[in-house]
Amino acid sequence: MTEKKKTKVIRVNVDEPELEILEEAARVLREGGLVAFPTETVYGLGALAESERAVEKIFAAKNRPATNPLIVHVATLEEAKTLASHWPQAAEELAGAFWPGPLTLVVKKSDRIPAAACAGLDTVAIRMPAHPVALALIELVGAPLAAPSANPYTRVSPTTAEHVMRGLGGRIDMIIDAGPTSSGVESALVTVVENPAEILRPGMIDRQRLSGIVELASIREIVVEDSRPRPSPGLSRNHYSPRPRVRLVEREEFLALLDSGEGREFIGVGEEDEGKVYHLPPDPCGYARGLYKAFHHFDRSDVEEIIVEKPGDDSGAWTAIFDRLRRASSKSR
Ligand code: TXA
Ligand code: MG
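Calculation rules
Residues numbered from 1 in each chain as written. Chains lettered and ligands numbered in written order. Predicted model: local features only at pLDDT ≥ 70, side-chain atom pairs only at ≥ 80, totals over all residues. Heavy atoms only, no water. Pairing = 2+ DSSP bridges. Helix = DSSP H or I, 4+ residues; strand = E, 2+ residues; numbered from the N terminus. Contact = heavy atoms within 4.5 Å. Axes fitted to C-alpha atoms, helices over the stretch in contact; angles between N-to-C directions. Core = buried A, V, L, I, M, F, W, Y, C linked by side-chain atoms within 4.5 Å. Buried < 20%, exposed > 50% of the residue type's maximum accessible area, 1.4 Å probe, protein only. Salt bridge = Lys/Arg side-chain N within 4 Å of Asp/Glu carboxyl O.

**Comments concerning the sheet that holds strand E9 (residues 188-191)**
Then comes step 1: As summarised here, the arrangement of the ten strands in space is E1-E8-E2-E3-E7-E4-E6-E5-E9-E10, forming an open sheet in which the pairing is mixed. Pairing within the sheet leaves two strands with one partner each, and these edge strands are strand E1 (8-11) and strand E10 (198-201).
Then comes step 2: Pairing of strand E5 (residues 103-108) with E9, which is carried by four bridges, proceeds in the parallel orientation. Bridging across to E9, Leu-103 finds its partner in Ala-188.
Then comes step 3: Of the strands in this sheet, strand E2 (35-38), strand E3 (43-48), strand E4 (71-73), strand E7 (145-146) and strand E8 (174-177) are in contact with helix H5 (residues 132-141), which crosses E2 at around 140°.

**Considerations on the nonpolar core**
Then comes step 1: In terms of nonpolar packing, the biggest core is built from 72 residues, with Trp-87, Leu-103, Leu-105, Leu-137 and Ile-176 touching the most fellow members.
Then comes step 2: In terms of residues, this core owes the most to one element, H5, which gives six residues.
Then comes step 3: In this structure, Ile-176 is in contact with Ile-10, Val-12, Leu-22, Ala-25, Val-35, Ala-36, Phe-37, Pro-38, Tyr-43, Val-133 and Leu-137, ignoring residues within four places of it in sequence.
Then comes step 4: With 27 residues, the next largest nonpolar core counts Met-204, Tyr-287, Ala-288 and Ala-320 among its residues.

**A closer look at the pattern of salt bridges**
Then comes step 1: All told, the structure shown has 20 salt bridges when counted by the stated rule.
Then comes step 2: As a salt-bridge pair, Lys-8 and Glu-24 come within 2.6 Å of each other at their nearest N and O atoms. Taken as a pair, Lys-8 in strand E1 and Glu-24 in helix H1 (residues 19-30) lie far apart in primary sequence, 16 residues in all.
Then comes step 3: For Lys-8, a relative accessible area of 39% corresponds to the partly exposed category.
Then comes step 4: Look at Glu-24 and you get partly exposed, because its relative accessible area is 24%.
Then comes step 5: Arg-324 is the partner of Asp-323 in a salt bridge, and the nearest nitrogen-oxygen pair spans 2.7 Å.
Then comes step 6: With relative accessibility at 0%, the residue Arg-324 sits in the buried group.
Then comes step 7: Each member of the salt-bridge network shares a partner with another, and the members are Arg-245, Arg-247, Glu-253, Arg-264 and Glu-305.

Below is the structure:
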C-alpha cells in the first residue's frame, strides 16, 4: 500500500504552458515525486527515470507488476541517444520522421536508466512526445521522465485530468491539467533492436507510414498472457478494459441488440448523439480521440455490458483502435 497523499491539480495553457506554473511540477519531480502530465496520446504518470526510488513509486501507485517496463520520455534526440547503448540506423530514421510524436522506440539500454524502470530487460522504450506541456516539463526538470499511462494497472488510460484523478487521486503528488488529449490511444511501440524493426503495439502512426521509412517484420500474434511476458511485457489481454464487459459486434447485430437493451449500453459510429447510443465519429482520428472518454463514462455507471458497433475496416489507423477494442472485449474475468 502507498500512503495517502493530497493530490494537487494545477492548470496550464495547452499551447503556451505558463513556465512559472510548470516549475512547481518540475520541482516535485526533481525531488523524486509523482506528477501526471498530458501527452498527445494519453496522460502519463511521470517520475525521474534515473532514480530507482522514484521509479518504484510509479509501480506502487499504479499497482503495476515490476515485470512491466516503463516508457522513458525525452525532449531531445540527443537525450534519447544517451539512454541507448546502441542507436541503430532504423531508430535514427524513425525518430527523424515521427518525433516528436506518438511513436515509442525500443533500443538496447545504456547504464543511465536503472534496471527497475526496464523490468530488468537489457532494452529501454523511449519516446519524444508531441505535446507542448510534456516537452516543456521535461526540459524544466532537465532529465528524462519515466511515464506509463496514468491509470491503475489494467484499467483504461486517461485522456483527461479528471480521469487521472478518479484512478490515482490520493496516490500521486500532482496532476497537470491541460485539457483533453488530442490523439487518444497510446503510442505505437516499435522495437528496432533487431533488423527488421517490429511493431509491438499498433498506434495512430500506422504500419503503412512506418514501412515508408524502414523495413518492418511481418505481423505476428503478440498478445500474450501475463505468465511469461514476451515480446512486449505489457501487452496482456487484460489491458485497456473498462469495468463492464465489452462486446464488439457488426452493425446488423448492434441494431438488433439495441431493441433488447436491459443492463446494456451502446457505443455506435456516427456524428450525433441520439437515444441510447453513445456515438463516436466515423473517422479514425475522431474515434480514437473519443474512445477512452466513452469507456471512462461507462466505467462509472452500473451497466454490465457495453455493446460496441465495429467501426472502420481494421486497416491503416483503424488497426490501433481495433487492437484496443479487442483487448477490452477479451478481458478475462
Ligand atoms: O502513448 C504512450 O505510449 C503513453 C504516454 C504516457 O506516453 N504511455 C504508455 O505507457 O502507454 P504504458 O506503460 O502504459 O505502456 C508501455 C508499453 C507497455 O506495454 C510495456 O510493456 C511496453 O510499452 N514496454 C516498455 N518498455 C519496453 C521494452 N523495453 N521492451 C518491450 N516493451 C516495452
Ligand atoms: Mg498503460
